[in-house]
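# Fold and contact review
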Amino acid sequence: MADPRFFTRAGPFTAAELAALSGARLADPARADTVAVDVAPLDAAGPQSLSFFDNPKYRDRFEASRAGICIVHPKHAARAPAGMTLLLSAAPYKAYARAAKAFYPPPAATAGIAPSAIVDPRARIGAGTAVAAGAVIGAGASLGQRCRIDANAVIGPGVQIGDDVAIGALASVSHALIGDRVAIYPGVRIGQDGFGFAPDPSGHVKVPQLGRVVIGNDVEIGANTTIDRGSGPDTVIGDGCWIDNLVMIGHNVVIGRGCILVAQTGISGSTTLGDYVVAGGQVGIAGHLTIGAGARLAAGAGVIKDVAPGATVGGYPAIPIRRWHRQTVALEQLVRKKERP
Amino acid sequence: MADPRFFTRAGPFTAAELAALSGARLADPARADTVAVDVAPLDAAGPQSLSFFDNPKYRDRFEASRAGICIVHPKHAARAPAGMTLLLSAAPYKAYARAAKAFYPPPAATAGIAPSAIVDPRARIGAGTAVAAGAVIGAGASLGQRCRIDANAVIGPGVQIGDDVAIGALASVSHALIGDRVAIYPGVRIGQDGFGFAPDPSGHVKVPQLGRVVIGNDVEIGANTTIDRGSGPDTVIGDGCWIDNLVMIGHNVVIGRGCILVAQTGISGSTTLGDYVVAGGQVGIAGHLTIGAGARLAAGAGVIKDVAPGATVGGYPAIPIRRWHRQTVALEQLVRKKERP
Amino acid sequence: MADPRFFTRAGPFTAAELAALSGARLADPARADTVAVDVAPLDAAGPQSLSFFDNPKYRDRFEASRAGICIVHPKHAARAPAGMTLLLSAAPYKAYARAAKAFYPPPAATAGIAPSAIVDPRARIGAGTAVAAGAVIGAGASLGQRCRIDANAVIGPGVQIGDDVAIGALASVSHALIGDRVAIYPGVRIGQDGFGFAPDPSGHVKVPQLGRVVIGNDVEIGANTTIDRGSGPDTVIGDGCWIDNLVMIGHNVVIGRGCILVAQTGISGSTTLGDYVVAGGQVGIAGHLTIGAGARLAAGAGVIKDVAPGATVGGYPAIPIRRWHRQTVALEQLVRKKERP
């Protein structure tokens, strides 16, 4: 089980309750009252555990598991050990994620403003919102309901934040409009000046950055990631994006819905990503490009041209991934040939 | 116009005033009294807007623009729409940057020390300087005039800061001497220990880091960038450098004047950059190298050798950029040849 | 000498004392009383300086040095200038590191809790520990003896910290167990949620992250580095690891003893590193890999396969380093051939 110093467990839940919570279907209604007290992986689960089986690579573990309740795809149900209560789902990992959240709900912060927080009297704080010790909230900022502002975070003047938003410890947000159910992790920087100046040997001249950062709903932004505000247009992050740690998003970048940006990726100014783009770790994307919807950028790719919708690219400079793989092989053969003349 | 929740607009300004502010020249003195109330891009500008035309790619927009006042290069003046008041400049973007700053001056912080800031009594705070809520300033630190220390920033003991310096929210500065008109963005880390130790299987032994970080005038340092202090010599950032977000500068690095380092670039210890070096995003530079003045390092370059003054390199490992481009083409052809035998 | 605004010098020390402090051996016992008042590099050292000679490249400087006391390998002793007091060591740099630490011990923080720190009454603070201004310490957190928590750092509920640990300004630590003598630099993020979700076009579903970060003894973690907590298993950092700035360590990563990770390296989730692995700057390692003990990953390497113990790899994708070098040469020749037909 999870370390009780850090996690508070809810439950127990019956199989019927877990079916409802997870969106899965109970295979055998007679098992509706089977009880789970915790979640566990297949090989550690016991009769009172909820587990799940999704990756076919772990079929052996599934067949040997002692889990009392298990979420599985219907096509694998026949392989379940005798006595296991099955919850059937076309998307077992997703169903498990929901059930696990029921066992370990995000910790509820005590609503209210900590005595050491500094909240400008002209800020608006919604009902049920918690502002932790040392947090600073500027004039005209507006926070929705049930938000959680962690210790020493800084929310600048005029920032608009929706409901159920979590701002991590020591994060800073300025010049931004943020939707509902957004999670901003510790140390994130949102809304600072973009990298905009007129280069000049006698001294580069700063160009005022007059846009904002606009973030949709259900977005996650990883630790120490930075998102600069627009220079005139806005920097925009669409609904449902997941952004990992130490990512850099430049000014005027526009990102569609549901994009996934893995750690240390960087997107230069004024580039646009369509919906559901996936960038592996340490991807770099040059400025003023268009990355089509559903494109996939392999980890480490250095993207210097537009990418068509649905295309997969890799390499530096990035090219269609199959071609990149062929180049890798060709280069390998070139060296082998030289070695054995 | 810029969102008034975040930006306060000054003006209006006459064409004559804008000429003076921007360093441009009024094409027709009879138009000196034309008034602009805001800035706008060519296609959104109206009769009371100031705009600019620099990139030839947007000539159509210039010719169709309704901007009341426009900053242009003299060679394009003849193409201006009838009725437009022209400000002539050999560097229109630079002139525009200055004018835009007049419309949107950096927000003035209220001078003084916020009640919740913790300023050591042995620190010296110059006239007109603002220290925001939760900021912490150590013993012997000295801040010049008209500085702005944002919320929860931490200035360590003994740090020396010039005039008109902005330290962003949640930034930390220690062991550093900083010039005038420097902007340090939120979350920047300056002056912590460099990565110095004697490697040893029985336990790496830390080497005391006894140098400082010395930063010139007119430097910008982007969000969450880290600059380690020297190990004995200093880490030095020259006048007028622009450093983007999430850049890493190791101990003893010496950077000349006016260098531009784009986001996520990393410079290993004891490397020297001459004046006006430009590094694209995600460049990596090995330690103990010399990068000559005016050198240009393409985005993603992995630099493991010295680079001559004025040279342009790219690739991993980095080589002269034309050669790298030829290699990219040759590799492409190698694969094509195999595909069509 | 080091700038006295930032560093407080101890000493002077006699050669005998320095031998004891550094683990070196006095070459001539008659010189036991030679005194050094400071450390200095070979070329700047004077009769009252302690210096060291390790890198053969600097032999000329050694032979010309005026250092009163010098730490050298016994094999170089014969080349010392007349009158120099020699301390002999098989590992001169390591011995120097220890001596330098005696001259410049880490600054002692005043034990106790600053009035503006916010320490939960259910936290436990060991004897001799200093909690600086604005630091926030949560319920159930436990700090050992002689720790130093710098300004505005945030320690979450339940975090367990050993003795002699330094937590830098504005760092955050949650869901973590930390050993003794660990140094966490400013802006480090430890223990936040890993990047775990079930991808789904109708909305990615977050998977609760139920593990911890477990850090051994004698670990250094550089500025603005991020270490996510495990998803169920823990994220583990072994004893004696040195981790540089802006490194990203994903959830469930397990790192052995004495590993060295240079700046901006990223390790994806569930990857394991054996003992004494060295990763150069900007290395990327894909998820679910095993990197064998003693493996070396060249700067910029993009590692997408397991690496054998003791192997050295480079390139993108990473391959054995000699092969990578040969490919680099082959590619160069391919272009040359085209140029001179």
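Procedures and definitions
Residues numbered from 1 in each chain as written. Chains lettered and ligands numbered in written order. Predicted model: local features only at pLDDT ≥ 70, side-chain atom pairs only at ≥ 80, totals over all residues. Heavy atoms only, no water. Helix = DSSP H or I, 4+ residues; strand = E, 2+ residues; numbered from the N terminus. Buried < 20%, exposed > 50% of the residue type's maximum accessible area, 1.4 Å probe, protein only. Contact = heavy atoms within 4.5 Å. Areas by Shrake-Rupley, 256 points an atom, 1.4 Å probe, with all protein chains shown as cover. Lys, Arg positive; Asp, Glu negative; His and termini not counted. Charge placed at Lys NZ, Arg CZ, Asp CG, Glu CD. Core = buried A, V, L, I, M, F, W, Y, C linked by side-chain atoms within 4.5 Å. Buried area = accessible area lost by both parts, 1.4 Å probe. Salt bridge = Lys/Arg side-chain N within 4 Å of Asp/Glu carboxyl O. Pairing = 2+ DSSP bridges. Polar contact = N/O pair within 3.5 Å; in protein donor to acceptor, adjacent residues only side chain to side chain. Nonpolar A, V, L, I, M, F, W, Y, C, P; charged D, E, K, R; others polar. Expected span 1.5 Å × (residues − 1). Domains from an automatic or database assignment. Least-squares fit on C-alpha atoms with pLDDT ≥ 70 in both. Disulfide = S-S within 2.5 Å. Axes fitted to C-alpha atoms, helices over the stretch in contact; angles between N-to-C directions. Right-handed = clockwise from strand over helix to strand, strands pointing away. Phe/Tyr/Trp six-rings, centres within 6.5 Å; stacked < 30°, edge-to-face > 60°. Left-handed = near helix turned anticlockwise from the far one by under 90°.

Glancing now at the overall build of chain A. Secondary structure assignment for chain A yields 4 helices and 40 strands. C-alpha extents for chain A along the principal axes are approximately 80 × 80 × 30 Å. The proportion of buried residues among the 341 residues of chain A is 59%. Within chain A, contacts between residues at least 6 apart in sequence are counted, and of these 19% link residues at least 24 apart. As displayed, chain A offers around 13,100 Å² of accessible surface, 55% of which is attributable to carbon and sulfur atoms. Within chain A, the 26 negative side-chain charges are centred at a point lying 7 Å from the centre of the 32 positive side-chain charges.

One finds A:Val303, B:Val303 and C:Val303 to be the most contacted residues of the largest nonpolar core, which totals 285 residues. Among residues more than four places away in sequence, those in contact with A:Val303 are A:Val283, A:Gly284, A:Ile285, A:Ala286, A:Leu289, A:Ile291, A:Leu297, A:Val313 and A:Ala318.

Tallying the contact residues gives 60 residues for chain B and 57 residues for chain C. It is B:Phe195, B:Leu210 and B:Tyr316 that lose the most area in chain B upon contact with chain C, and together they represent 17% of the buried surface on that side. In this structure, B:Asp200 and C:Lys94 form a salt bridge, with 2.5 Å as the shortest nitrogen-oxygen distance. Top contributing element to the side of chain B that touches chain C by residue count: helix H4 (residues 321–339) of chain B, with 7 residues.

Here the focus is the sheet that holds strand S31 (residues 260–261) of chain B. All names here are of chain B. Reading across the sheet, the 12 strands line up as S8-S11-S14-S17-S20-S25-S28-S31-S34-S37-S39-S40 and stay open at both edges, with mixed pairing between neighbours. Sheet topology places strand S8 (112–113) and strand S40 (319–320) at the edges, where each strand pairs with a single neighbour. When strand S20 (residues 183–184) meets strand S25 (residues 220–221), the two strands line up parallel, connected through 2 bridges. Residue pairing for S25: Ala-183 is matched across the bridge by Glu-220.

If you look at the interface, chain A gives 57 residues, while chain C gives 60 residues. Viewed at the interface, chain C and chain A are joined by 4 salt bridges. Across the salt bridge formed by C:Arg323 and A:Glu332, the nearest N and O atoms sit 3.4 Å from each other. Counting across the chain A and chain C interface gives 27 residue pairs in polar contact (both at pLDDT 80 or more). If you list the elements that add at least two residues to the side of chain A that touches chain C, you get helix H3 (92–103), strand S28 (242–243), strand S31 (260–261) and helix H4 (321–339) of chain A. The element that contributes the greatest number of residues to the side of chain A that touches chain C is H4(A), accounting for 9 residues. Split into classes, the residues belonging to the side of chain A that touches chain C amount to 32 nonpolar, 13 polar and 12 charged.

All names here are of chain A. Mapped onto the fold, Thr-235 is located in strand S27 (residues 235–237). For Thr-235, a relative accessible area of 0% gives the class buried. The contact partners of Thr-235, leaving out residues within four places of it in the chain, are Arg-212, Val-213, Val-214, Ile-227, Asp-228, Arg-229, Gly-230, Ile-249, Gly-250, His-251, Asn-252 and Val-253.

Further remarks concern helix H3 (residues 92–103) of chain B. Between the first and last C-alpha of H3(B) there are 16 Å, a value that for 12 residues agrees with the 16 Å anticipated at 1.5 Å per step. Burial in H3(B) covers these residues: B:Pro92, B:Lys94, B:Ala95, B:Tyr96, B:Ala97, B:Ala99, B:Ala100, B:Ala102 and B:Phe103.

Next up on the list: the environment of A:Ile215. Residues and elements named next belong to chain A. Checked against the element boundaries, Ile-215 lands in strand S24 (residues 213–215). Exposure remark for Ile-215: the relative accessible area of 3% places this residue in the buried category. With 98 residues separating them along the chain, Ile-215 and Val-313 place their C-alpha atoms 27 Å apart. Those residues within four positions of Ile-215 in sequence are excluded, and the remaining contacts are Leu-177, Ile-178, Gly-179, Val-182, Ile-190, Ile-221 and Ile-237.

What follows concerns the domain arrangement of chain A. In terms of domains, chain A is made up of domain 1 (13–103) and domain 2 (171–341). Computed over C-alpha atoms only, the centres of domain 1 of chain A and domain 2 of chain A are separated by 37 Å.

A word on the relation of the copies chain A and chain C. Turning chain A through 120° and shifting it by 0.0 Å along the axis lays it on chain C, with an RMSD of 0.0 Å. The transformation relating the two chain copies, once decomposed into turn and shift, fits a three-fold axis. Comparing contact sets, just 19% of the residues at the interface of chain A also lie at the interface in chain C, consistent with a heterologous contact between different surfaces.

Turning to the pairing of strand S7 (residues 85–88) of chain A, a few remarks are in order. All names here are of chain A. The side-chain alternation of S7 yields two buried faces, one formed by Thr-85 and Leu-87 and the other by Leu-86 and Leu-88. Sheet topology places strand S2 (residues 25–26) next to S7; 2 bridges connect them, and they run antiparallel. Bridge pairing in S7 places Leu-26 opposite Leu-87. Sheet topology note: the strand S6 (residues 69–72)/S7 ladder contains 4 bridges and is parallel. Considered in S7, the bridge of Ile-69 is made with Thr-85.

Moving on, we get to the relation of the copies chain B and chain C. Least-squares fitting of chain B to chain C yields an RMSD of 0.0 Å, with the superposition described by an axial translation of 0.0 Å and a rotation of 120°. When you check the interface residues of chain B against chain C, a mere 18% turn up at the interface there too, and the two sides of the contact use different surfaces.

Residue and element names in this part refer to chain A. As enumerated under the stated definition, the model contains 57 salt bridges over all chains in all. In this structure, Arg-79 engages Glu-63 in a salt bridge whose closest nitrogen and oxygen atoms are separated by 3.1 Å. Here Arg-79, found in the loop between S6 and S7, pairs with Glu-63, found in helix H2 (residues 59–64); they are 16 residues apart in sequence, far enough to count as distant. Judged by relative accessible area, which is 40%, Arg-79 ranks as partly exposed. What makes Glu-63 partly exposed here is its relative accessible area of 33%. We note a salt bridge from Arg-336 to Glu-332, for which the minimum N-O separation is 3.2 Å.

So, about the state of the cysteines. On inspection of all chains with the given rule, the structure shows 0 disulfides over all chains. A:Cys241 carries a free sulfur, and the closest cysteine sulfur to it, the one in A:Cys259, is 4.5 Å from it. Taking the relative accessible area as the measure of exposure, A:Cys241 reaches 1% and is therefore buried. Considering cysteine sulfurs only, C:Cys241 is the nearest to C:Cys147, which forms no disulfide, with 19 Å between them. The class of C:Cys147 is buried, set by a relative accessible area of 2%.

Residue and element names in this part refer to chain B. Taken together, 5 strands build an open sheet; the order of strands is S2-S7-S6-S5-S4 and the sheet is mixed. Both edges of this open sheet fall to strand S2 (25–26) and strand S4 (38–39), since each of them pairs with a single strand only. Direction of pairing for strand S5 (residues 49–53) relative to strand S6 (residues 69–72): parallel, over a ladder of 4 bridges. Its bridge partner being in S6, Ser-51 is matched across the sheet by Cys-70. Strands S2, S5, S6 and strand S7 (85–88) of the sheet are contacted by helix H1 (residues 15–22), whose axis makes an angle of about 15° with S7.

A few words now on the pairing of strand S5 (residues 49–53) of chain A. Residues and elements named next belong to chain A. In terms of burial, S5 is largely enclosed, as 4 of its 5 residues are buried. Examined bridge by bridge, strand S4 (residues 38–39) and S5 share 2 bridges and lie parallel to one another. Residue pairing in the sheet places Asp-38 in a bridge with Ser-49 of S5. As for the winding sense of the linkage, the β-α-β connection from S5 through H2 to S6 is right-handed.

Residues and elements named next belong to chain B. Counted by the stated rule, this structure contains 27 aromatic pairs over all chains. Here the aromatic rings of Phe-13 and Phe-103 are separated by 4.9 Å at their centres, their planes lie at 85°, and the arrangement is edge-to-face. In this pair, Phe-13 sits in strand S1 (residues 13–14) while Phe-103 sits in helix H3, placing the two residues 90 residues apart along the sequence. You can call Phe-13 buried: its relative accessible area is 16%.

Looking now at the packing of helix H1 (residues 15–22) of chain C against helix H3 (residues 92–103) of chain C. All names here are of chain C. Closest axis-to-axis distance for the H1/H3 pair is 8 Å, and the angle between their directions is 115°. As H1 packs across H3, the resulting crossing turns out to be right-handed. Between H1, through Leu-18, Leu-21 and Ser-22, and H3, the contact on the second element is made entirely by Ala-95, Arg-98, Ala-99, Ala-102 and Phe-103. Here the residues of the contact of H1 with H3 are counted per class, giving 6 nonpolar, 1 polar and 1 charged.

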